[in-house]
Amino acid sequence: MGKGEGKYYRKKLDEGGNEWENMEKLFFGYLQASDIMISEAYAIYNPTLITSFINQKNILAARLRESPDVFFNDAWKRRGNKEKEFVCQEFQKRVAETGWNEKETIPIIPCVHGTDFSLAMAICSTGFAALSALDAGWYGSGVYFTTYALYTVAYFSMRKDPAIIISYVTPGHMFPVTEAHTDQSQSLLGTVLKSSYNSHYVVVQSDGTVPDYGVTELKNETEETSLWDEIVVSQEPQITPVYVLRISNKNLNRLLQTWDRMKKDRRTDTRKIKRSKSKVKTAAEI
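A. Local environment of the overall build of the protein. The secondary structure content of the protein amounts to nine helices and 12 strands. Counting all 286 residues of the protein, 52% fall into the buried class. Entry remark: accessible area of the protein is about 13,900 Å², with carbon and sulfur atoms responsible for 48%.

B. Looking closely at the sheet that holds strand E10 (residues 228-233). Pairing within the open sheet is mixed, and its four strands lie in the order E5-E10-E8-E7. Each of the sheet's edge strands pairs with one partner strand only, and the pair in question is strand E5 (143-145) and strand E7 (174-177). Here the strands of the sheet are splayed against their neighbours by 25° on average, with no regard to which way each runs. Sheet topology places E5 next to E10; three bridges connect them, and they run antiparallel. Residue Phe145 lies in a different strand from E10, and its bridge partner there is Ile231.

C. Spatial organisation of unusual backbone geometry. In the Ramachandran plot, Ser34 falls in the positive-phi region, its phi being about 55° despite a non-glycine side chain. Looking at where Ser34 falls in the secondary structure, it is placed in the loop between helix H1 (18-30) and strand E3 (38-45). Relative accessible area serves as the criterion here: at 33%, Ser34 is assigned to the partly exposed category.

D. Geometry of the environment of Gln257. By the secondary structure assignment, Gln257 is in helix H9 (residues 252-264). The spacing of Gln257 and Ala154 is 103 residues in sequence and 9.9 Å in space, taken between C-alpha atoms.

E. Spotlight on the packing of aromatic side chains. The tally for this structure, following the rule as stated, stands at 13 aromatic pairs. Ring centres of Tyr42 and Phe117 lie 5.7 Å apart, and the angle between their planes is 50°; this geometry places the pair in the tilted category. Placement of Tyr42 in strand E3 and of Phe117 in helix H6 (residues 117-126) is noted, with a sequence separation of 75 residues between them. Ring-pair connections join several aromatic residues into one group, and the members of that group are Tyr148, Tyr151, Tyr155, Trp228 and Trp259. Stacked on the ring of Tyr42, the Lys or Arg Arg10 has its end atom at 5.2 Å from the ring centre. Positioned above the aromatic ring of Phe71 is the side chain of Arg63, whose terminal nitrogen or guanidinium carbon lies 4.7 Å from the ring centre.

F. How the structure looks around the pairing of E7. Burial along E7 is two-sided: the face carrying Met174 and Pro176 and the face carrying Phe175 and Val177 are both buried. Across four bridges, E7 lies against strand E8 (residues 199-204) in parallel orientation. When the sheet's bridge partners are listed, Phe175 is paired in E8 with His200.

G. Representation of the pairing of E3 within the structure. In terms of residue burial, E3 counts as a mostly covered element, since six of its eight residues are buried. Of the strand pairs in this sheet, strand E2 (residues 8-12) and E3 are connected by four bridges, and their pairing is antiparallel. Bridge pairing links Lys11 to Ala43 in E3. Here five bridges tie E3 to strand E11 (residues 239-247), and the two strands are oriented antiparallel to one another. Bridging across to E11, Ala43 finds its partner in Tyr243.

H. Inspection of helix H5 (residues 82-96) at higher detail. When the terminal C-alpha atoms of H5 are compared, their 21 Å separation across 15 residues agrees well with the 21 Å that a helix rising 1.5 Å per residue should span. Regarding H5, the residues found buried are Lys84, Phe86, Val87, Cys88, Glu90, Phe91, Arg94 and Val95. Regarding H5, its N-cap is Asn81, as a side-chain oxygen of that residue lies 3.1 Å from the backbone nitrogen of Glu83 further along.

I. Local environment of the nonpolar core. In terms of nonpolar packing, the biggest core is built from 77 residues, with Met23, Phe27, Ile36, Phe145, Ile166, Tyr243 and Leu245 touching the most fellow members. The contacts of Leu245, once residues within four sequence positions are left out, are Met23, Phe27, Ile38, Glu40, Ala41, Pro162, Ala163, Ile164 and Ile166.

J. Spotlight on the pattern of salt bridges. Enumeration over the complete set of coordinates arrives at 11 salt bridges. In this structure, Glu179 and Lys84 form a salt bridge, with 2.9 Å as the shortest nitrogen-oxygen distance. You can see Glu179 sitting in the loop between E7 and E8 and its partner Lys84 sitting in helix H5, a full 95 residues away along the chain. According to the relative accessible area criterion, Glu179 is buried, its value standing at 10%. Between Glu90 and Lys93 there is a salt bridge whose closest N-O contact spans 3.4 Å. In this pair, Glu90 and Lys93 are both assigned in helix H5, three residues apart and thus about one turn of the helix distant.

Calculation notes
Residues numbered from 1 in each chain as written. Predicted model: local features only at pLDDT ≥ 70, side-chain atom pairs only at ≥ 80, totals over all residues. Heavy atoms only, no water. Helix = DSSP H or I, 4+ residues; strand = E, 2+ residues; numbered from the N terminus. Buried < 20%, exposed > 50% of the residue type's maximum accessible area, 1.4 Å probe, protein only. Areas by Shrake-Rupley, 256 points an atom, 1.4 Å probe, with all protein chains shown as cover. Pairing = 2+ DSSP bridges. Axes fitted to C-alpha atoms, helices over the stretch in contact; angles between N-to-C directions. Phe/Tyr/Trp six-rings, centres within 6.5 Å; stacked < 30°, edge-to-face > 60°. Lys NZ or Arg CZ within 6 Å of the ring centre and 35° of its normal. Expected span 1.5 Å × (residues − 1). Polar contact = N/O pair within 3.5 Å; in protein donor to acceptor, adjacent residues only side chain to side chain. Core = buried A, V, L, I, M, F, W, Y, C linked by side-chain atoms within 4.5 Å. Contact = heavy atoms within 4.5 Å. Salt bridge = Lys/Arg side-chain N within 4 Å of Asp/Glu carboxyl O.

Listed below in C-alpha cells is the structure:
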C-alpha cells in the first residue's frame, strides 16, 4: 500500500495516474472543491479504523431493521416543521448524489475536514476521537465535517501547512438542525448530540450560521446553491479517512478574500456553486 507509519499506511499518489484521477473526481466532483489547488495527495489505509467503521455501519443497520421505533424515532415530524423537512431534503439529495447509496439503509457519504498536514496524518493514525473533545461547536459537540470542500477554506487557509482530510462518514440517524446558535432557548452550542440520534446535519450560510428561515425562501429544486452544510458526529467509528490532501499556498489568499466577501455579504451572496449531477466512483471502487 505504501509507507506504513504506526497503525496506518499512506501512499503518495502520482499526479495524472488512475488513483489521482479517482481522487480528483471525488474532490472536484461530489465535494465541489472549485479553485482549491492540491500540491500532494495521499491515499490512506488504517485497518483498525476501517474495521470499526464497517462494524458501526452494521450495528446501525441492525438497529434500524430490528428496533426502528427506538433507535430511529423522529418525534419532530409529528409536530410538523417545514424548516427541518427542508434540511432533511438537502441531506437526502447529498446522499443520493454519491451514486452508491441507492440501496443502502445506512448511507456512507464523503466528507471533508480542513486542518494542518501534520495533524491530518496524526488523525489518520489514531482517529478523530480527540477532536470531539476540543470542538464544542455551534451545533453540538463532536467532530465537524462538510460535504462542500470550498466551505473548509476558512479552517485550513490560516494553517502553516494546510491540508484537507477526505473521509467516509456514516451519519446513521440524523437530526436536522435549524436552531440558531445565538438562540438561548434552543441553541445546541456545546451540547451532546440529540438523544437517539447519531449525527446532526445543518444547512448553513457562508458565515456558518443557519439561514433566517423567516425570510429565506426554501428552495431545493435548483441546480445551484449559495448554502453549505455541516455534519456533526460524536462516535469515532462513524468515520474512516481515505485521503489526505496537502493544499497549495499559491491561491490561498485569493480564496480567503473571496470567502470573506461572501461572509460579509451573505444576504445578497451571488456566488453560486453548481451541484454536480455526475456519479462518482463507489466506495469499493475508490
